Amino acid sequence: MPASHLTVVVTRRLPEAVETRMKELFDVELRDPDVAMTREELAAAMRRADVLVPTITDTIDAGLLAQAGEKLKLIANYGAGFDHIDVSTARQRGILVSNTPGVSTEDTADMVMALMLSVTRRIPEGLQIMQSGSWTGWSPMANLGGRLGGRRLGILGMGRIGQAVARRARAFGLQVHYHNRKRLRPEIEAEHEATYWESLDQMLARMDIVSVNCPHTPSTFHLLNARRLKLMKPSAVVVNTSRGEVIDQNALTRALRAGELAGAGLDVYEHGTDINPRLLELPNVVLLPHMGSATIEGRVEMGEKVIINIKTFADGHRPPDQVVPGMF
């Protein structure tokens, strides 16, 4: 089918440049206002669309896919993650799924470093002092944090983002360690001066900072559970910009409140916006509203990848970023 005849339904507002280009290429339905679709709205969109462009806020499970119309042949996800889509059921129904990998790598790695610095150097506490007007001047012992250089960083998941974090970490003088499903090739390890740990438990017990950069899969759900969090040093810091489900949020909250961990920097949460209120109260925790990939450049590039995937599909070819079983 010519691209101009495809009915493309977009579930959230996208950058203006992306929406304009979609209007030029497709018969597109844009979202206004910018709020997540209800389940009923998603079901209706899937009945009338040839291509659905969802985001991470749209849970597309087997129940919704059962309601999809016969026209729906491609779910072109706006984002790299796809754990909110039942890809196996989609494939069974003859619906392809694509994503936008690689776009947010550098932006997310930047945010990892920002969170590390925010927690270890107590930046939010300093901001609060200034904003409250309670600063009385410099003091030798006031607002003491810790130096990043010389600390051991354990990267959990050494894919694109994990390696981008490793490059930045070396520039800050951190010692890079990692645990991954598969060990990296020797030349990549050498490039990052990274030490591989086959045992996650042994790595956790020896790290000063742990950065979570692995996807959410059945095997990584609560990978950092209460038992593993207890293995970490009381002086250790946890940073998560990946998926909230990888860490048991309640166990992390208990460990922080008990002084079993020194701090945490989080950009993602196990239950979305439903965050443990006790976690919100802690001064040694920096919480961000899922800002890891939130740059103008990144959002536009994500849209461009979505358009390429749709155009390639319309031309009768496999989308370049099609999600396949080996990626699960």
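Rules used throughout
- Residues numbered from 1 in each chain as written.
- Predicted model: local features only at pLDDT ≥ 70, side-chain atom pairs only at ≥ 80, totals over all residues.
- Heavy atoms only, no water.
- Helix = DSSP H or I, 4+ residues; strand = E, 2+ residues; numbered from the N terminus.
- Rg over C-alpha atoms; globule rule 2.2 N^0.38 Å.
- Buried < 20%, exposed > 50% of the residue type's maximum accessible area, 1.4 Å probe, protein only.
- Contact = heavy atoms within 4.5 Å.
- Axes fitted to C-alpha atoms, helices over the stretch in contact; angles between N-to-C directions.
- Parallel < 35°, antiparallel > 145°, perpendicular 65-115°, else oblique.
- Left-handed = near helix turned anticlockwise from the far one by under 90°.
- Core = buried A, V, L, I, M, F, W, Y, C linked by side-chain atoms within 4.5 Å.
- Phe/Tyr/Trp six-rings, centres within 6.5 Å; stacked < 30°, edge-to-face > 60°.
- Nonpolar A, V, L, I, M, F, W, Y, C, P; charged D, E, K, R; others polar.
- Polar contact = N/O pair within 3.5 Å; in protein donor to acceptor, adjacent residues only side chain to side chain.
- Pairing = 2+ DSSP bridges.
- Right-handed = clockwise from strand over helix to strand, strands pointing away.

## Structural notes on the overall build of the protein chain
Then, number 1: Looking only at helices and strands, the protein chain has 13 helices and twelve strands in total.
Then, number 2: Relative to the compact-globule value of 20 Å for 328 residues, the protein chain shows a C-alpha radius of gyration of 22 Å, a close match.
Then, number 3: In the protein chain, buried positions account for 50% of the 328 residues.
Then, number 4: Pairs at least 24 apart in sequence give 61% of the contacts found in the protein chain among residues at least 6 apart.

## Re the environment of Leu252
Then, number 1: Examined against the element boundaries, Leu252 turns out to sit in helix H11 (residues 249–257).
Then, number 2: What makes Leu252 buried here is its relative accessible area of 2%.
Then, number 3: Taking the C-alpha atoms as reference, Leu252 lies 38 Å from Ala45; in sequence the two are 207 residues apart.
Then, number 4: Dropping the residues within four chain positions of it, Leu252 is found in contact with Leu229, Ile247, Leu261 and Leu266.

## As for the packing of helix H1 (residues 16–25) against helix H13 (residues 296–314)
Then, number 1: The N-to-C vectors of H1 and H13 enclose an angle of 15 degrees; their axes lie 9 Å apart at closest approach. Considered as vectors, H1 and H13 are oriented roughly parallel to each other. For the pair H1 and H13, the crossing hand works out as right-handed. Judged by residue contacts, Val18, Arg21, Met22 and Leu25 of H1 engage Arg299, Val300, Gly303, Val306, Ile307 and Lys311 from H13.

## Brief notes about the nonpolar core
Then, number 1: The biggest cluster of nonpolar side chains holds 29 residues, and the ones touching the most others in it are Leu224, Met232, Leu256 and Leu261.
Then, number 2: Breaking this core down by element, the ones donating at least two residues are helix H9 (200–204), strand E9 (209–212), H11 and strand E11 (263–266).
Then, number 3: The element best represented in this core is H11, accounting for four residues.
Then, number 4: Setting aside residues up to four positions removed in sequence, Leu224 forms contacts with Leu156, Leu204, Val212, Leu229, Val238, Val246, Ile247 and Asp248.
Then, number 5: Ala109, Val112, Met113 and Leu115 belong to the second-largest nonpolar core, a separate cluster that totals 25 residues.

## Details of the packing of aromatic side chains
Then, number 1: Scanning the model with the defined rule gives one aromatic pair in all.
Then, number 2: Note on Tyr178 and Tyr196: the rings are 5.2 Å apart at their centroids and 50 degrees apart in plane angle, and the pair reads as tilted. Within this pair, whereas Tyr178 is found in strand E7 (residues 175–179), its partner Tyr196 is found in strand E8 (residues 194–196), the two being separated by 18 residues in sequence.

## Quick word on the side chain of Ser118
Then, number 1: As for its position among the elements, Ser118 is in helix H5 (residues 105–120).
Then, number 2: A relative accessible area of 15% places Ser118 in the buried class.
Then, number 3: The residues touching Ser118, leaving out its near neighbours within four places in the chain, are Ile123, Pro124 and Val286.

## Observations regarding the packing of H5 against helix H7 (residues 160–171)
Then, number 1: Contact geometry for H5 and H7: axes closest at 8 Å, N-to-C directions at 50 degrees. It follows that H5 is oblique to H7 by the angle criterion. For the element pair H5 and H7, the recorded crossing hand is right-handed. Within the contact between the two elements, H5 uses Thr105, Glu106, Thr108, Ala109, Asp110, Val112, Met113 and Met116 and H7 uses Arg160, Ile161, Ala164, Val165, Arg167, Arg168 and Ala169.
Then, number 2: Residues belonging to the contact of H5 with H7 are distributed by class as follows: eight nonpolar, two polar and five charged.

## Considerations on H11
Then, number 1: Among the residues of H11, Gln249, Ala251, Leu252, Thr253, Ala255 and Leu256 are the ones counted as buried.
Then, number 2: Near the N-terminus of H11, the side chain that reaches the backbone nitrogen of Asn250, with its oxygen 3.2 Å away, is that of Asp248.
Then, number 3: Gly259, located one to two residues past H11, shows a positive phi value of around 75 degrees.

## Section: the sheet that holds E7
Then, number 1: Strand order across the open sheet formed by seven strands is E8-E7-E6-E9-E10-E11-E12, with parallel pairing between neighbours. The open sheet has two free edges, formed respectively by E8 and strand E12 (285–287), since each of these has just one partner strand. Averaged over all pairs of adjacent strands, the angle between their axes in this sheet comes to 20 degrees, without regard to strand direction.
Then, number 2: In terms of strand pairing, strand E6 (residues 152–156) meets E9 through four bridges, oriented parallel. Across the sheet, Leu156 pairs through a bridge with Val212, a residue of E9.

## Quick notes on the pairing of E6
Then, number 1: When you tally the buried positions in E6, you get four out of five residues, the bulk of the element.
Then, number 2: Where E6 lies against E7, five bridges are found, and the strand directions are parallel. Bridge pairing links Leu156 to His179 in E7.

## Looking at the pairing of E9
Then, number 1: Taking every second residue as pointing to the same face, both faces of E9 are buried, with Ile209 and Ser211 on one and Val210 and Val212 on the other.
Then, number 2: Bridge count between E9 and strand E10 (residues 237–240): four bridges; the pairing is parallel. Bridge pairing links Val212 to Asn240 in E10.
Then, number 3: With respect to chirality, the unit in which E9 leads through helix H10 (residues 226–231) into the neighbouring parallel E10 is right-handed.

Limitation: the analysis is restricted to geometry and does not speak to function.
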